[in-house]
Amino acid sequence: MYTDRERCVRAVQSKDARFDGWFFTAVLTTGIYCRPSCPVVPPKPQNMVFHPSAAACQQAGFRACKRCRPDTTPGSPEWNQRADLVARAMRLIADGVVDREGVPGLAARLGYSTRQVERQLLAELGAGPLALARAQRAQTARLLIETTELPMAEAAFASGFASIRTFNDTVREVFALSPSELRARVPRRNPSARPATPGTLALRLPFRAPLNPDNLFGHLAATGVPGVEEWRDGAFRRTLRLPYGHGIVALTPNPDHIGCRLTLSDLRDLTVAISRCRRMLDLDADPVAIDDQLHTDPLLAPLVDKAPGRRVPRTVDEAEFAVRAVLGQQVSTAAARTHAARLVTAHGEPVDDPEGGLTHLFPTAEALAAVDPDTLAMPRTRRTTFTILVGQLADGTLHLGVESDWPKARALLLELPGFGPWTVDVIAMRALGDPDAFLPTDLGIRRAAKELGLPSTPAALTARAAGWRPWRAYAVQYLWATDSHPINFLPV
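Looking up the protein in an unreviewed UniProt entry gives the name Probable bifunctional transcriptional activator/DNA repair enzyme AlkA, with the organism given as Streptomyces asoensis. UniProt lists a comment for the protein under the heading Sequence similarities (unreviewed entry), and it reads "In the C-terminal section; belongs to the alkylbase DNA glycosidase AlkA family." Word for word, the UniProt comment on the protein under Cofactor (unreviewed entry) is "Zn(2+)".

Listed below in structure tokens is the structure:
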């Protein structure tokens, strides 16, 4: 996108928010960089330079605009729809891997050399992994400075900086203000409005409009595991297992953002927690591009027109979802929740939730691998499937994560006993994040297809769905939404 200068200029001149996150505009005369929808008077085209990332702008010597705050834009949808090296690397960087394991750790997870990873990122994004991680740390630092009253030293280490000096230098370079000056610009909050729970932050998660919250929050709430997930006071709440500790998040749909209330046992997990919540809610999707493609099918078009902007409800833990997918095979939603709740009560780690009814973290694969199969209230064949899955997840034979190579992960899952196309595709869609995953054998999909006049046999429906690619996972959401199942309605 950023290499098409004419399109970029038009987007900036029209202040088109759809392109926020796709590219950034650096202004030669002012030395700042902005999002395309910046509210100020657009600069002259000859003074615009376009970059694919905030990190590239910073590396070129530009500082962030104080009006449009380009560091708070939704992420590029490119990293959700692609499974190549650069996309997998970007997902890992967003998950904080560079801060925890360094560039060698990033390369090892991707299965490439450090040089190859750096070369690919620099060629496509104009910045290497260290610069990209630095830009992310700067964004987290700004968040902590402006939304908390943490001492600056604590904010520095919580945002991933190794020293207070580096923290101060980076904030000054990126925002042209010192950390103290950044905090001084924020109106002082009423003491009575401060969170009562220590370690709690109130944030706003941006997204590209439109966003239809019905199936997104409806699905998460209707399939929620008691003790791990709940719908309370208009928000979806769940526990989070994080690199340095645990957390509890409450996500509330609003017309122009998602309200996010995070309680963390260790503030160093803030960046990772935000990244995983955004991924779970599919907030970096480009709904206009998706709906435009699906709208070309005359039988799908009325569904898109009726409720545009549907997202794919995903997960914060890929291994957890795979386990839950097995528990949900050939049983009702209520039965799947009951099975999962029993495992959580028996093997999950207890957490304290003074603001709600959450009680546990979902059990780790290692804890589930130690479960006696005879204690599981499910058919023998499914017990075998469950035991082999958690065993391979625990010993590392099977790894599911944001960096997973989608075709390879599919192939490994299909080799497991009890894993058919439906189970593999639902994991690919909701855990791995493949936007083109499709469920032609799903009963709800076949029923919806028949009612709409689409082919209802799996082979014929798959052939018809070729025109929906690469967004077939979103077509699944529109087809599911024709049913009256609770997953399709925002809880009240």
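There is more to say after this.
Peer 1: Which residues make up the sheet that holds strand β3 (residues 48–51), and what values go with them?
Peer 2: With mixed pairing, 4 strands are arranged side by side in an open sheet as β3-β1-β2-β4. Edge positions in the sheet fall to β3 and β4 (63–64), since each of these pairs with one other strand and no more. Where strand β1 (residues 24–27) meets β3, 4 bridges bridge the pair, whose relative direction is antiparallel. Residue pairing in the sheet places A26 in a bridge with V49 of β3. Those strands touched by helix α1 (residues 5–13) are β1 and β3, and its axis lies near 105° from that of β3.

Peer 1: Talk me through the sheet that holds strand β8 (residues 246–253); I want residue IDs and the actual numbers.
Peer 2: Taken in spatial order, the 5 strands make up an open sheet running β5-β9-β8-β7-β6, and their pairing is antiparallel. Each edge of the open sheet carries a strand with a single partner, namely β5 (200–205) and β6 (229–232). Between one strand and the next, the sheet's axes are offset by a mean angle of 20°, whatever the strand orientation. Looking at chain direction, strand β7 (residues 235–241) and β8 are connected through 6 bridges and run antiparallel. Residue R237 lies in a different strand from β8, and its bridge partner there is A250.

Peer 1: Can you explain unusual backbone geometry? Please cite residues and give values.
Peer 2: Cis geometry marks the peptide bond from A209 to P210, where omega comes out at 0°. Here P210 shows up in the loop between β5 and α11 (213–222). Following R469, the chain continues into P470 via a peptide bond in cis, with omega recorded as 5°. Take P470: it is sitting in the loop between α22 (458–464) and α23 (472–480). Non-glycine residue Q330 carries a positive phi angle of around 60°.

Peer 1: An account of helix α19 (residues 406–414) is needed here, citing residue identities and associated values.
Peer 2: When α19 is considered as a whole, its buried residues turn out to be W406, A409 and L413. Projection of α19 onto a plane perpendicular to its axis shows the buried side chains occupying an angular sector of 65°, all on one side. Pointing more than 90 degrees away from the buried face of α19 are the exposed residues P407 and K408. If you follow the buried residues of α19, they end up packed against α3 (78–81), α4 (85–94) and α20 (421–432).

So, how was this worked out
- Residues numbered from 1 in each chain as written.
- Predicted model: local features only at pLDDT ≥ 70, side-chain atom pairs only at ≥ 80, totals over all residues.
- Heavy atoms only, no water.
- UniProt positions renumbered as here; feature names shortened; annotations may be inferred.
- Pairing = 2+ DSSP bridges.
- Helix = DSSP H or I, 4+ residues; strand = E, 2+ residues; numbered from the N terminus.
- Contact = heavy atoms within 4.5 Å.
- Axes fitted to C-alpha atoms, helices over the stretch in contact; angles between N-to-C directions.
- Buried < 20%, exposed > 50% of the residue type's maximum accessible area, 1.4 Å probe, protein only.
- Arc of directions from axis to C-beta.

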